Amino acid sequence: MKMEAFYSNNIKNAIQNDPPGEWMPYIPADCIRLSSGFPAPSLVPVKQLKESVGQLLDEEQDLPLHYLGTPKMDQLKQQIIERLDEREMKFAMEEVLVTAGACQAIDLIARIFIDEDTVVAVESPTYMEALEIFQNYTNSFMEIPIDEDGLQTEKLEDLLTERQGNGLPLPKVLYTIPTFHNPTGTTLTAERRTHLLKLATQFDFLIVEDDAYGDLYFDDQPTPLKVFDKDGRVLYLGSFSKVVAPGLRIGWVAATKEIIETLFWFKKDLDHPFAQAVMSTYLRDYPLKKQLSLLHKSYKEKCDSMIDALAKYMPDSVSWYVPRGGYFVWMKVPGEDTSKLLEQATQKGVSFLPGKYFFLNQQDGKEWLRLSFSYEEPTAIVDGVKKLSEII
Ligand SMILES: Cc1ncc(COP(=O)(O)O)c(C=O)c1O
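Residues numbered from 1 in each chain as written. Predicted model: local features only at pLDDT ≥ 70, side-chain atom pairs only at ≥ 80, totals over all residues.

Caption draft 1: How the structure looks around the nonpolar core. Membership of the largest hydrophobic core comes to 103 residues, with the highest contact counts inside it found for Ile 109, Leu 235, Val 253, Ala 254, Met 279, Met 306 and Leu 371. Among the elements that make up this core, the one with the highest residue count is helix H4 (residues 101-113) (seven residues). Once residues lying within four places of it in the same chain are set aside, the contact partners of Met 306 are Val 329, Leu 371, Phe 373, Ile 381 and Val 385. (Core = buried A, V, L, I, M, F, W, Y, C linked by C-beta atoms within 7 Å. Buried ≥ 20, exposed ≤ 12 C-beta atoms within 10 Å, placed from the backbone. Helix = DSSP H or I, 4+ residues; strand = E, 2+ residues; numbered from the N terminus. Contact = placed C-beta atoms within 7 Å.)

Caption draft 2: Examining the domain arrangement of the protein more closely. You can read the domains of the protein as domain 1 (22-44 + 290-391) and domain 2 (48-285). Centre-to-centre separation of domain 1 and domain 2, based on C-alpha positions: 25 Å. Broken down by element, the residue count for the side of domain 1 that touches domain 2 peaks at seven residues, all from helix H10 (residues 288-313). The residue makeup of the side of domain 1 that touches domain 2, split by class, is 18 nonpolar, seven polar and four charged. (Domains from an automatic or database assignment. Nonpolar A, V, L, I, M, F, W, Y, C, P; charged D, E, K, R; others polar.)

Caption draft 3: Structural view of the site of the ligand. Inspection of the region around the ligand gives 13 residues, with Gly 101, Cys 103, Asn 182, Ser 239 and Ser 241 positioned closest. Considered class by class, the residues forming the shell around the ligand number six nonpolar, six polar and one charged. (Near = placed C-beta within 6 Å.)

Caption draft 4: Main features of the sheet that holds strand S11 (residues 328-332). Taken in spatial order, the four strands line up as S10-S11-S14-S13 in an open sheet, and their pairing is antiparallel. Only two strands of the sheet have a single partner each, and these edge strands are strand S10 (319-320) and strand S13 (353-354). Bridging between S10 and S11 involves two bridges; their strand directions are antiparallel. By the bridge assignment, Ser 319 is partnered in S11 with Lys 332. (Pairing = 2+ DSSP bridges.)

Caption draft 5: Representation of the sheet that holds strand S3 (residues 119-124) within the structure. Strands sit in the order S2-S9-S8-S7-S6-S3-S4-S5 across an open sheet of eight strands; the sheet is mixed. Because the sheet does not close on itself, it has two edges, and the strands there are strand S2 (96-99) and strand S5 (150-151). Of the strands in this sheet, S2, strand S8 (234-239) and strand S9 (251-254) are in contact with helix H8 (residues 257-267), which crosses S2 at around 30 degrees. (Axes fitted to C-alpha atoms, helices over the stretch in contact; angles between N-to-C directions.)

Caption draft 6: Main features of the packing of H10 against helix H12 (residues 378-391). The contact between H10 and H12 brings their axes to 9 Å, and the two run at 25 degrees. For the element pair H10 / H12, the angle class is roughly parallel. Viewed along their axes, H10 and H12 form a crossing whose handedness is right-handed. Judged by residue contacts, Glu 301, Lys 302, Ser 305, Met 306, Ala 309, Leu 310 and Tyr 313 of H10 engage Pro 378, Ile 381, Val 382, Val 385, Lys 386 and Ser 389 from H12. Considered class by class, the residues forming the contact of H10 with H12 number eight nonpolar, two polar and three charged. (Parallel < 35°, antiparallel > 145°, perpendicular 65-115°, else oblique. Left-handed = near helix turned anticlockwise from the far one by under 90°.)

Caption draft 7: Main features of helix H7 (residues 190-203). Given a rise of 1.5 Å per residue, 14 residues ought to cover 20 Å, and the 20 Å separating the end C-alpha atoms of H7 matches this to within 8%. Residues of H7 that are buried: Arg 193, Leu 196, Leu 197 and Ala 200. An end-on view of H7 places all buried positions within 95 degrees of arc, on one side of the element. Projecting away from the buried face of H7 at angles above 90 degrees are the exposed residues Glu 191 and Gln 202. If you follow the buried residues of H7, they end up packed against S5, helix H6 (153-165) and strand S7 (206-210). A positive backbone phi angle near 55 degrees is found at Asp 204, which sits one or two residues after H7. (Expected span 1.5 Å × (residues − 1). Arc of directions from axis to C-beta.)

Caption draft 8: Quick look at H10. An ideal rise of 1.5 Å per residue puts 38 Å on 26 residues; H10 measures up with 37 Å between its terminal C-alpha atoms. Turning to H10, its buried residues are Leu 295, Tyr 299, Lys 302, Cys 303, Met 306, Ala 309 and Leu 310. Where H10 is buried, its residues touch S10, S11, strand S14 (368-372) and H12.

Caption draft 9: Region of the structure containing the pairing of S11. Burial analysis of S11 places four of its five residues in the buried class, the great majority of the element. Judged from the five bridges that link them, S11 and S14 form a sheet pairing that is antiparallel. Looking across to S14, one finds that Val 329 is bridged to Leu 371.

Caption draft 10: Local environment of the environment of Phe 328. Here Phe 328 lies in strand S11. For Phe 328, a count of 25 C-beta atoms within 10 Å gives the class buried. Taking the C-alpha atoms as reference points, Phe 328 and Gln 347, 19 residues apart in sequence, are found 22 Å from one another. In this view, Phe 328 contacts Asn 182, Pro 183, Gly 185, Pro 323, Arg 370, Leu 371 and Ser 372; residues no more than four positions away in its chain are not counted.

Caption draft 11: Spatial organisation of unusual backbone geometry. Following Ser 124, the chain continues into Pro 125 via a peptide bond in cis, with omega recorded as 10 degrees. Tracing the sequence through the fold places Pro 125 in the loop between S3 and helix H5 (128-135). Residue Pro 183 follows Asn 182 across a cis peptide bond; omega there is 15 degrees. Counting through the fold element by element, Pro 183 comes out in the loop between strand S6 (173-176) and H7. The backbone of Glu 88 shows a phi angle near 70 degrees, a positive value even though the residue is not glycine. Within the secondary structure, Glu 88 is located in the loop between helix H3 (72-86) and S2. Taking the C-beta count within 10 Å as the criterion, Glu 88 has 11 such neighbours and is therefore assigned exposed. A positive phi angle, close to 50 degrees, is found at Lys 268, a residue other than glycine. With respect to the helices and strands, the residue Lys 268 is situated in the loop between H8 and helix H9 (273-285).

As structure tokens, this is what we get:
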């Protein structure tokens, strides 16, 4: 029996796109992984989490194993609110929703705001899983190019003005990663942050600010867009995936009470009480500040190793953006198709992600690639860059 006839129109449209994760190229296990956007295995606090699991079960017995009942789900939300408060973002309990990672928050947001003809504005390039999620709801996108200073707000203004002039629909939602962007590692300047917020008011769209990497700064922590949001236009997303452990699947969205109530309506109790309670116990017993300062030091060292190795080994034609935090270095190899380069690279024992996966029009990313310094140790990073330079 053919099931497709039973699907909703939305699903019929969505499955015309590539299946999720299709972009992930095959990487042999013995490669130096400059492709992986994951935390370094040595930086996941395994021992502390093990202690937290034991401590939680001693304290609460079966409670965190029920649908509801553990007080630690509310406590986790409170702990998130306290952390946001330290960064000048003030929220009440009703203004935060804990989600199964930032990705679930993106999905819920898409679900409540996006119809099949809704225009979504995205950076070009952008985080491919967010693209995949939005593509499940619409095929109308507006792409705004990125340079070394992040999203080009002047171009955004031109594009919006042009659309308005031509009577075309304006975007309802703009999705951005203003701080330590994936894949480019760039950070939006303060002037562009102000400009972006002004445009949101002028052209009446919401901003989804994905701050998954915001805590991973090397020197200064940029101020989130949300801090300057006067009328509740910014939906702020955070995650513990990059700083504690992605497998716990804990993220959040902070926005107005009205938006949070609507998101909650669809999320219902599809929570992970046990994971949330473990995270809350971990945050109570092991101050996150200590984990973060370890990450700052370690990722800065890894990033410096990568940048030094690039400067030492890459030919002059190759260029890259130097990040001030996060996980990634974005690199341009003029005249090359980086997908083809990947095949040679993996044979030589090093991997990266070809740039094309981060663009709606994959051709736009042909000469670009993403290097990740998060996963490997500094010596392997230098080795990997050297191998890559030999191929280029
Ligand atoms: C920009 C961005 N947002 C969100 C995520 C995923 O967050 P989570 O694991 O909390 O769903 C990632 C992970 O790669 C990311 O790069």
